[in-house]
Amino acid sequence: CERIILDCDPGVDDSIAIFLALASPDKIKIDAITIVMGNNNDVDLLANNACLLLQMCNMSSDIPVIKGANKPLASAYHGHSGIQVHAQNGIGNVKYPIKDLNENPVEQYKDVSAAQFIIQHVLANPGVITLCAIGPLTNIALAVSIGGEKFIKSVRRLVIMGGSVGGFGNKTAAAEANLANDPHAGRIVFDAFNDITMVGLNCTRQLPLNKEIREKMRKLHAIGQFCFDITAHYTEILQSWNDSPCFNDPTAIMYLIKPDLFEGQRACVDVEDSGRLTSGQTVADWTGRWGRPLQTLVLTKVDQNGFAKELLDRLAKLTMF
Ligand code: BDR
Ligand code: CA
């Protein structure tokens with residue numbers, strides 16, 4: 001069972017990722033959820049969302065939620081399209097089925113930032129903790145900058161939902177949203193680590209979040225109904241922009257659960273942090289022309305039916321409260 005810190009910005013697809021992780025105690029143990037701006041820059045709201053998701057699954061006393069960066073490292077927050085996609089409350093403006101909690105923000109670990117927590121927890125468990133990042137890489141970059149080599153070497157591995165190779169994006173023509181929302185952080189993180197798995201758009205675009213699978217989630221149980229509800233606005237707005245809704249964040253969790261559903265290729269991946277049109281673009285050197293280690297496994301292919309089956313089978317095991 002792999003112990004992870006899940007760094008996220010919940011978030012419609014982050015929410016499904018959290019459910020999938022909670023439904024998979026045989027494979028993953030979430031030691032903590034750390035919150036980063038991204039889909040919204042109100043980290044209180046995002047942290048509250050994470051707490052409520054945990055409450056829905058009766059896991060709130062087991063997993064701390066720790067707030068992190070509320071702005072990118074070196075650029076202004078330009079995440080307004082994220083707020084449009086995920087809606088004002090981050091989850092498609094759906095109310096949580098826990099009535100009292102909608103108005104009562106839950107906060108934990110006020111005295112420590114996400115970056116500090118990540119460093120402390122990793123150093124206390126050297127070689128054991130996987131960082132799974134499904135939002136912008138700001139918290140991880142801060143942890144790298146503060147924690148240095150000792151911290152970097154103590155991380156087991158890094159699994160990132162973000163990026164795309166081949167020159168296309170979802171937030172801009174060139175860049176995927178998590179990297180576009182903090183390109184400087186992305187560059188620091190891809191420079192620092194030597195064992196990264198990049199679960200980017202090349203892979204997640206093969207997993208459409210369509211009516212058929214939404215209906216299957218809905219039929220499971222109350223949490224499945226909730227997944228159906230929160231994905232309604234998300235899918236509609238993306239379709240209206242001629243974009244294709246897909247499973248982004250849950251794919252990173254699925255990789256941790258069932259890596260044999262995926263294929264990938266190693267490359268050295270670097271992040272453009274200054275391009276006029278390409279800021280946040282991930283660029284892959286497959287052949288070593290930069291003379292740098294091929295530090296990243298770029299996922300390129302996923303078994304679509306296998307993913308759907310595993311997702312539904314696992315979600316089906318969740319119980320509410
Ligand atoms: C990523 O951007 C966010 O909007 C999603 O939560 C996901 O992490 C997809 O590009
Ligand atoms: Ca996310």
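Going by an unreviewed UniProt entry, the protein carries the name Inosine/uridine-preferring nucleoside hydrolase domain-containing protein and comes from Rotaria magnacalcarata. Among the UniProt annotations of the protein, the heading Sequence similarities (unreviewed entry) holds the following wording: "Belongs to the IUNH family."

## Points about the environment of Ile146
If you trace the backbone, Ile146 turns up in helix α5 (residues 138–154). The class for Ile146 is partly exposed, based on 13 C-beta atoms found within 10 Å. A sequence separation of 68 residues divides Ile146 from Arg214, and the C-alpha atoms of the two residues are 41 Å apart. Non-local contacts of Ile146, meaning those with residues more than four positions away in its chain, are made with Ala115 and Ile119.

## Describing the site of ligand 1
Near ligand 1 lie 15 residues; those nearest to it are Gly11, Asp13, Ala177, Asn248 and Asp249. Those elements that provide at least two residues to the shell around ligand 1 are α1 (12–22), α3 (80–86) and α6 (177–180). Taken together, the residues of the shell around ligand 1 break down into 4 nonpolar, 7 polar and 4 charged.

## A closer look at the sheet that holds strand β7 (residues 262–271)
If you walk across this open sheet you meet the 9 strands as β3-β2-β1-β4-β5-β6-β9-β7-β8, and the pairing is mixed. The open sheet has two free edges, formed respectively by β3 (65–67) and β8 (282–285), since each of these has just one partner strand. This sheet shows a mean twist of 30° between the axes of neighbouring strands, independent of strand direction. Bridge analysis of strand β5 (residues 157–161) against strand β6 (residues 196–199) gives 4 bridges, and the strand direction is parallel. From the neighbouring strand, Met161 faces β6, where its bridge partner is Val199.

## A short note on the packing of helix α4 (residues 114–124) against α5
Where α4 meets α5, the axes come as close as 8 Å, and the angle between the chain directions of the two elements is 15°. By the angle between their axes, α4 is roughly parallel relative to α5. In the crossing of α4 with α5, the sense of the turn from one axis to the other is right-handed. Contacts from Ala114, Ala115, Ile118, Ile119, Val122 and Leu123 in α4 reach Asn139, Leu142, Ala143, Ile146, Gly147, Lys150, Phe151 and Ser154 in α5. For the contact of α4 with α5, the class distribution of residues is 10 nonpolar, 3 polar and 1 charged.

## Side note on the packing of helix α9 (residues 211–220) against helix α10 (residues 222–240)
Where α9 meets α10, the axes come as close as 5 Å, and the angle between the chain directions of the two elements is 145°. Contacts between α9 and α10 involve Arg214, Met217, Arg218, Lys219 and Leu220 from the first element and Gly224, Gln225, Cys227, Phe228 and Thr231 from the second. Looking at the contact of α9 with α10 residue by residue, the classes come out as 4 nonpolar, 3 polar and 3 charged.

Reading guide: rules and limits
- Residues numbered from 1 in each chain as written.
- Chains lettered and ligands numbered in written order.
- Predicted model: local features only at pLDDT ≥ 70, side-chain atom pairs only at ≥ 80, totals over all residues.
- UniProt positions renumbered as here; feature names shortened; annotations may be inferred.
- Helix = DSSP H or I, 4+ residues; strand = E, 2+ residues; numbered from the N terminus.
- Buried ≥ 20, exposed ≤ 12 C-beta atoms within 10 Å, placed from the backbone.
- Contact = placed C-beta atoms within 7 Å.
- Near = placed C-beta within 6 Å.
- Nonpolar A, V, L, I, M, F, W, Y, C, P; charged D, E, K, R; others polar.
- Pairing = 2+ DSSP bridges.
- Axes fitted to C-alpha atoms, helices over the stretch in contact; angles between N-to-C directions.
- Parallel < 35°, antiparallel > 145°, perpendicular 65-115°, else oblique.
- Left-handed = near helix turned anticlockwise from the far one by under 90°.

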